[in-house]
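Residue-level listing of the chains:
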Protein chains: 2
Amino acid sequence: MRIGIDVMGGDHAPETVVQGVMQAYGELAKGSRMVLFGDKEKIATAMAQAGFDAAQVDIAHATQAIEMGDHPAKAFQQKPDSSIAVGFHALAKKEIDGFASAGSTGAMLVGAMYTVKSVEGVVRPCIPTFIPQANGKLALLVDAGLNADCKPEMLCQFGMLGAIYAKNVLGIENPRVALLSNGQEEEKGNLLTLAAHALMKNSRNFNFVGNIEGNKIYFGTIADVIVCDGFVGNIVLKQAEAMYALAHEQGVKNEFFDRFNYELYGGTPVIGVNSTVVIGHGHSSIQAVKVMILQTERVIKAQLAEKVKIALNNNAHA
Amino acid sequence: MRIGIDVMGGDHAPETVVQGVMQAYGELAKGSRMVLFGDKEKIATAMAQAGFDAAQVDIAHATQAIEMGDHPAKAFQQKPDSSIAVGFHALAKKEIDGFASAGSTGAMLVGAMYTVKSVEGVVRPCIPTFIPQANGKLALLVDAGLNADCKPEMLCQFGMLGAIYAKNVLGIENPRVALLSNGQEEEKGNLLTLAAHALMKNSRNFNFVGNIEGNKIYFGTIADVIVCDGFVGNIVLKQAEAMYALAHEQGVKNEFFDRFNYELYGGTPVIGVNSTVVIGHGHSSIQAVKVMILQTERVIKAQLAEKVKIALNNNAHA
């Protein structure tokens, strides 16, 4: 398998990314090879500095880089030789099996939609985030931020997409899917979640367990997959980040609160596109880049995109 | 001042409420007198058990109680001699200056809307919740749950109502009002918050400081009043509750996390109605009941309803 990595993406690129690549190198499976997209001279310099043998990876030269200040949607087209654009074209031609970047989320999404595109039948792709559970497990929250405004059928489909991810990547059999709401009872919700609840309740595509309240999402007792729109998902995710920051700032030493550290998860795959695309945190550290790469390998291995296609196809013929 | 208290409301009523009343007794100002609404025999028994002299409060007999299983909207009318209904009628007749209950939130709201009613010009009343800040202060989140579906002008008005509360009850001069969103930049948001942002930016009724992200709401650096719809507010509030529960469960001893304990705040006033109405947590402990009563005294003293009327009146003539 060939794992594409945007070396120019992220606050501390390319050095941090190259060091993350180096750390991931020893942990990837034998048949996995990394392909680094970016300025070949800068990559060579960073690799030499890090003492990493350039023969252990492939390098795909790209003369441009999409910067955080660029307009994400326009940058992808205005910079056709950027590391993100070159990476996505390689992904579309199947020269690589997955592509990961800690660069511009917007450009990554535009790239995915322009090149590999959504799986047919997917209303809108989404991204999950991992929520540590007090029972030691992980739950998924979808959508963690791609779609600020959702329709009920989108939330219902996020349930299916999240369940496919939870089963195939996290190995959870028959994942419990819940809808995040302002009350556990079926009649609690806003107009969006009330309509989504009705659709989810009748869906045969996943194991719907009803609503879940915000005070239950960290305990593992109700759900493996928690569905919400991307606006709410962003706020939940950022609030968890705040708690980690607070615990840190307050000098709280606790294993559970430590699990809120995003560096442990290293990025989120886009669910619902025709290949493996993983978006890392813009502030990614070496550790976060390493985990992003390992996570990309795991998602490629799980054949997530194929599983989504099969599910939607079965669905269409059901 | 006469503070009305529903003695039949809450999971552990009437005993817990009576004990909360007893604890509040010593801390109220000289001119403040409590009026207890409920079954006079049950109250007398609970007071005798607690060793509390019945002459220190007034008792307003009510033969019925609204139970948690009752339909909140219907219960208020179907049980005209319930402690909540009798309390609200006394409030409307100004026999008491404020009314507090740890009973059914729904019945309390219906009671408020049927009797004292919204201040003219208030689109929808709202409730704040207190958010502890790492700098030791408190911020307000409005709406914490009353209005699951909001229009942009409601969010804008919550900003004004929250600012009035922050100034007059919390004593914050020129409170900074921010809109909770999925990005700090003006162009980030969902359709609702984008439209609300435009209104808030142009409002002269409060000091709008722009968007605030979920990871910034606990640090006191950006805002004193954080505005969101009641669906999002409920999820933020419950997530904070979860963090407190997790910290507790994990044996984390930390002053800051301890401040997430709702018992410290004792209830939320309804902002935008023509009197002082305070709703306590259904699980209120003795300590929480005590704080609810002290909070009611504070809101009455601050003449919150009058301040809202004045602000809306100025607004109408502006």
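Being a predicted model, the structure only gives us computed values, none of them experimental.

*Asks:* For this particular structure, what's the right way to read the packing of aromatic side chains?
*Replies:* To describe a pair of aromatic rings, you give the distance between the ring centres and the angle between the ring planes. For the structure on display, the rule yields 25 aromatic pairs over all chains. For the ring pair Tyr25(A) and Phe52(A), a centre distance of 5.7 Å and an interplane angle of 70° mean the geometry is edge-to-face. With Tyr25(A) in helix H1 (residues 15-25) and Phe52(A) in the loop between helix H2 (40-50) and strand S3 (58-61), this residue pair connects regions lying 27 residues apart in the sequence. Taking relative accessible area as the criterion, Phe52(A) reaches 8% and is therefore assigned buried. Taken together, Tyr218(A), Phe256(A), Phe257(A), Phe260(A), Tyr218(B), Phe256(B), Phe257(B) and Phe260(B) form an aromatic cluster joined through their ring pairs.

*Asks:* So what exactly am I meant to see when it comes to the domain arrangement of chain A here?
*Replies:* All names here are of chain A. Each domain of chain A was delimited in the assignment, giving domain 1 (2-119 + 272-302) and domain 2 (128-258). Look at where the C-alpha atoms of domain 1 and domain 2 centre, and you get two points 28 Å apart. Contacts between the two partners involve six residues from domain 1, matched on the other side by six residues from domain 2. Both sides of the domain 1 and domain 2 interface together cover about 500 Å² of buried area, and 69% of this is carbon and sulfur. If you sort the residues of domain 1 by the area they bury against domain 2, Leu109, Gln295 and Ala302 come out on top, with a joint share of 54%. Counting across the interface, domain 1 meets domain 2 through one residue pair in polar contact (both at pLDDT 80 or more). When residues in the side of domain 1 that touches domain 2 are grouped by element, the largest group, three residues, is from helix H10 (residues 286-301).

*Asks:* Explanation requested: the nonpolar core in the structure shown.
*Replies:* The nonpolar side chains of a soluble globular protein tend to be buried, and buried together. One finds Tyr218(A), Phe257(A), Tyr218(B) and Phe257(B) to be the most contacted residues of the largest nonpolar core, which totals 54 residues. Sequence-distant contacts of Phe257(B), defined by excluding residues within four places in its chain, comprise Met243(A), Leu246(A), Ala247(A), Val252(A), Phe257(A), Met243(B), Tyr244(B) and Ala247(B). Val119(A), Val169(A), Leu179(A) and Val225(A) belong to the second-largest nonpolar core, a separate cluster that totals 36 residues.

Conventions used here
Residues numbered from 1 in each chain as written. Chains lettered and ligands numbered in written order. Predicted model: local features only at pLDDT ≥ 70, side-chain atom pairs only at ≥ 80, totals over all residues. Heavy atoms only, no water. Phe/Tyr/Trp six-rings, centres within 6.5 Å; stacked < 30°, edge-to-face > 60°. Helix = DSSP H or I, 4+ residues; strand = E, 2+ residues; numbered from the N terminus. Buried < 20%, exposed > 50% of the residue type's maximum accessible area, 1.4 Å probe, protein only. Domains from an automatic or database assignment. Contact = heavy atoms within 4.5 Å. Buried area = accessible area lost by both parts, 1.4 Å probe. Polar contact = N/O pair within 3.5 Å; in protein donor to acceptor, adjacent residues only side chain to side chain. Core = buried A, V, L, I, M, F, W, Y, C linked by side-chain atoms within 4.5 Å.

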